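Read off the chains here:
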Amino acid sequence: MSGDRVAVDTAAVWPDDVDAEEGVVVNWFAREGRSVDEGETLCEIQVEKVSVDVPAPATGELVEIVLGEDDEFVKGDTLAWILPS
Amino acid sequence: MAQAVAEERDLTMSRAMVEAIAAEMHEDEEVFVMGEDIADYGGIFGSAQGLREEFGYDRVMDVPIAETSFIGAGVGAAQAGMRPIVELMFVDFFGVAMDQIYNNMAKNTYMSGGSFSVPMVLMTAVGGTYNDAAQHSQTLYGTFAHLPGMKVVVPSNAYDAKGLMHNAIRDDDPVVYMFHKRLMGLGWMPSPDGPKTGVPEEPYTIPFGEAEVKREGDDATVVTLGLHVHRALDAAEELAGDGIEAEVIDLRTLTPLDTDTILESVRKTGRLVVVDEDYRSFGLTGEIVAVAAEDALADLEAVKRVAMPDVPIPYSRPLEQEVNPDADNIVTAVRDIQ
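So, here's what we can say about the structure. Since the structure is predicted, the reported quantities are computational estimates derived from the model, not experimental observations. (Residues numbered from 1 in each chain as written. Chains lettered and ligands numbered in written order. Predicted model: local features only at pLDDT ≥ 70, side-chain atom pairs only at ≥ 80, totals over all residues. Heavy atoms only, no water.)

**Concerning unusual backbone geometry**
Residues and elements named next belong to chain B.
Okay, step 1: Put simply, Thr255 and Pro256 share a cis peptide bond, and its omega is 0°.
Okay, step 2: Among the structural elements, Pro256 can be located in the loop between strand S12 (253-255) and helix H10 (259-269).
Okay, step 3: Backbone geometry places Thr129, a non-glycine residue, at a positive phi of 85°.
Okay, step 4: By secondary structure assignment, the location of Thr129 is in the loop between strand S5 (121-126) and helix H7 (141-146).
Okay, step 5: At Leu140, a residue that is not glycine, the phi angle is positive and equals roughly 55°. (Helix = DSSP H or I, 4+ residues; strand = E, 2+ residues; numbered from the N terminus.)

In structure tokens, the structure reads:
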């Protein structure tokens, strides 16, 4: 099934005007198991003091949160997985 | 089904406040927001994040650094039938606009013989813990709760923040809405665990004058508000390890004050600790102790105040940590009166 899952990708929401390649997860607004709508804000990340709201890339179930609050990551890391419905 | 999904959604306190404001703005075109750095910045503590993008500059306004002018404008707009939400960026800045707040916002309903209502919300950031020194770190709960004419609310978490904001905007009287910066859930000022909660997407209100018992216990009553609700809960957890069960009460509203909940708890425990980030003297801690002494004296074994000492709040990190009550101070106070 994992092949069907859609990654919530940090690179997809990376702010344009920063040089930093690293960020940190500030807040999660959805918990594992929540049914999410495409475009709904899942979490907030911060890159070089810029806060970015991360939208759900697909409608479905948030099946796995990979990076929790305060976790650091590099551009391209996966925040979570959604199983589309 | 929809409700089960809603319960799974968490919000920070700032986002919960914004959600309530946005819902009221959709419902009533007389509701608008103004303040320093409100429109383009979204409020320096996130209290208006995204509102300008949604409602435009006519209803979400930046103002000059002139508190007397824009708070006075808010009072006038409210008297003319609008429902302004005015942000005083830091509560510490109230001094320059004291006449507008104390003599106009709070009193015009009375001075006009009831000809005018002032349905205005003055929302303002309070509190320290981030080394911003004596002019940007105060809570001043007592300063606002002392003076008749205004309702005063202090949310400690996102769920309460939304419900209290809905109630504040709908109230026909002036409301001072004091939010603690450390609870807002900002990336640059991380919150403790606790203020981010599940928040229903539909509007709801939390009535003024209803405190909440956050944790039940028989050995001591801890009355507090704002950030220190979370510190008191941490303290209660530690005390429970020693077999001391503390009851923690979150006041949520200062005016009107829920004396019934305080008295009921004190009659049960006989021991009262009041925890406040505001100054010790002539303030909230003394008021709550007086309420208990007046109406539950026979049940009262001991009282203790845990509050900011009467000093300007230090800039220095270790000095500020020393004066701002923490969970250890609360634990010690509860133990001292067992």
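Having seen the model, we can carry on.
**A closer look at the sheet that holds strand S6 (residues 60-65) of chain A**
Residue and element names in this part refer to chain A.
Okay, step 1: Taken together, the four strands give an open sheet; going across it, the order is S1-S8-S6-S3, and neighbouring strands pair in antiparallel fashion. Looking at which strands have only one partner, the edges of the open sheet turn out to be strand S1 (6-9) and strand S3 (35-36).
Okay, step 2: Sheet topology places S3 next to S6; two bridges connect them, and they run antiparallel. Paired with Val36 across the two strands is Gly60, which belongs to S6. (Pairing = 2+ DSSP bridges.)

**What to know about the nonpolar core**
All names here are of chain B.
Okay, step 1: Among the nonpolar cores identified, the biggest contains 48 residues, and Ile71, Ile101, Met120, Phe144, Met178 and Leu272 are the most heavily contacted of them.
Okay, step 2: It is helix H11 (residues 284-296) that contributes the most residues to this core, six residues altogether.
Okay, step 3: If we ignore the near neighbours within four places in the chain, the residues touching Ile101 are Ile71, Phe94, Ala106, Leu122, Phe144 and Met150.
Okay, step 4: Formed by 46 residues, the second largest nonpolar core is a distinct cluster that contains Met89, Phe90, Ile169 and Leu227. (Core = buried A, V, L, I, M, F, W, Y, C linked by side-chain atoms within 4.5 Å. Buried < 20%, exposed > 50% of the residue type's maximum accessible area, 1.4 Å probe, protein only. Contact = heavy atoms within 4.5 Å.)

**Structural notes on the pattern of salt bridges**
Opposite charge on two side chains lets them pair, provided their charged atoms get close.
All names here are of chain B.
Okay, step 1: As enumerated under the stated definition, the model contains 24 salt bridges over all chains in all.
Okay, step 2: Taking the shortest distance from any N to any O, the salt bridge between Glu212 and Lys214 comes out at 3.4 Å.
Okay, step 3: For Glu212, a relative accessible area of 28% gives the class partly exposed.
Okay, step 4: Between Lys268 and Asp218 there is a salt bridge; the shortest N-O distance is 3.9 Å. Of this pair, Lys268 sits in helix H10 while Asp218 is found in the loop between strand S9 (212-215) and strand S10 (220-224), placing the two residues 50 residues apart along the sequence. (Salt bridge = Lys/Arg side-chain N within 4 Å of Asp/Glu carboxyl O.)

**Observations concerning the environment of A:Gly39**
Residue and element names in this part refer to chain A.
Okay, step 1: Looking at the element boundaries, Gly39 is found in the loop between S3 and strand S4 (41-47).
Okay, step 2: Gly39 gets classed as partly exposed once you look at its relative accessible area, which sits at 46%.
Okay, step 3: Apart from residues no more than four positions distant in its own chain, Gly39 is found in contact with Pro55 and Ala56.

**Structural notes on the sheet that holds strand S5 (residues 50-55) of chain A**
Residue and element names in this part refer to chain A.
Okay, step 1: One open sheet accounts for four strands, arranged S5-S4-S2-S7; its pairing is antiparallel. Two strands bound the open sheet, and with one partner strand each, they are S5 and strand S7 (72-74). The sheet shows a mean angle of 35° between the axes of neighbouring strands, taken without regard to direction.
Okay, step 2: Here six bridges tie S4 to S5, and the two strands are oriented antiparallel to one another. (Axes fitted to C-alpha atoms, helices over the stretch in contact; angles between N-to-C directions.)

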